[in-house]
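Structural characterization, general
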Amino acid sequence: MGNDHPSRRWAWVGDLVEDGNGLKAIVTDVTAGAVWTLRAPDAFLADQWTATDPDSLSVLKTRAQRIAAR
């Protein structure tokens, strides 16, 4: 499946998400389909954290939606 396929199940790189703690983040990496690296939307490499439960991430905007809104 492509990154912006409408039927994909979990967040992917470039998506704006909300994590289980209510924090908004951009997905910067997905390692082995098991670890999602997140960063604050207004940060570069600072303020990074990881998530291991993909169901805890709610996609607010896909990468394609974010690009189209520029």
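Just above, that's the structure.
Sequence order sets the numbering: in each chain, residues are counted from 1 along the sequence as written. Only residues with pLDDT of at least 70 are given local features in this predicted model, and only at 80 or more are side-chain atom pairs given and counted; all residues enter the totals for whole chains, interfaces and linings. Each side-chain value is derived from all of the structure's non-hydrogen atoms; neither hydrogens nor water enter the calculation.

Some points on the sheet that holds strand S2 (residues 24–31)
An order of S4-S3-S2-S1-S5 is seen for the five strands of this open sheet, with the pairing classed as antiparallel. Two strands in the sheet have a free side with no partner beyond their single neighbour: strand S4 (48–51) and strand S5 (58–61). Direction aside, neighbouring strands of the sheet carry axes that sit 45 degrees apart on average. Here strand S1 (residues 16–18) pairs with S2 via three bridges, running antiparallel. The partner of Glu-18 across the bridge, within S2, is Lys-24. In this description, strands pair whenever DSSP reports at least two bridges between them. Think of it this way: any DSSP run of H or I at least four residues long counts as a helix, any run of E at least two long counts as a strand, and we number them from the N terminus. Note on geometry: axes are C-alpha line fits, over the in-contact stretch for helices, and angles between N-to-C directions span 0 to 180 degrees.

What about the nonpolar core?
The biggest cluster of nonpolar side chains holds nine residues, and these are Ala-11, Val-17, Ala-25, Val-27, Val-30, Trp-36, Leu-38, Ala-51 and Leu-57. Secondary-structure elements contributing two or more residues to this core are S2 and strand S3 (35–39). Per-element accounting of this core gives the leading share, three residues, to S2. Non-local contacts of Ala-51, meaning those with residues more than four positions away in its chain, are made with Ala-34, Val-35, Trp-36, Leu-38 and Leu-57. In these notes, a set of buried Ala, Val, Leu, Ile, Met, Phe, Trp, Tyr and Cys residues joined through side-chain atoms within 4.5 Å is what counts as a nonpolar core. Each residue gets one of three labels from its accessible area relative to the maximum for its type: buried under 20%, exposed over 50%, partly exposed in between, using a 1.4 Å probe on protein chains only. Any two residues whose heavy atoms approach within 4.5 Å at even a single point are treated as in contact.

Thoughts on the packing of aromatic side chains
How two aromatic rings sit relative to each other is given by the distance of their centres and the angle of their planes. Ring pairs are drawn from Phe, Tyr and Trp, using the six-membered ring of Trp, whenever the two centres fall within 6.5 Å, and their geometry is named by plane angle: stacked under 30 degrees, edge-to-face over 60, tilted for the rest. On inspection of all chains with the given rule, the structure shows one aromatic pair. Both rings, one in Trp-10 and one in Trp-36, keep their centres 6.0 Å apart while their planes meet at 80 degrees; by these two values the pair is edge-to-face. With Trp-10 in the segment before S1 and Trp-36 in strand S3, this pair connects stretches of sequence that are 26 residues apart. Judged by its relative accessible area of 33%, Trp-10 falls in the partly exposed class.

From the geometry alone we can't say anything about function, so treat these as descriptive.
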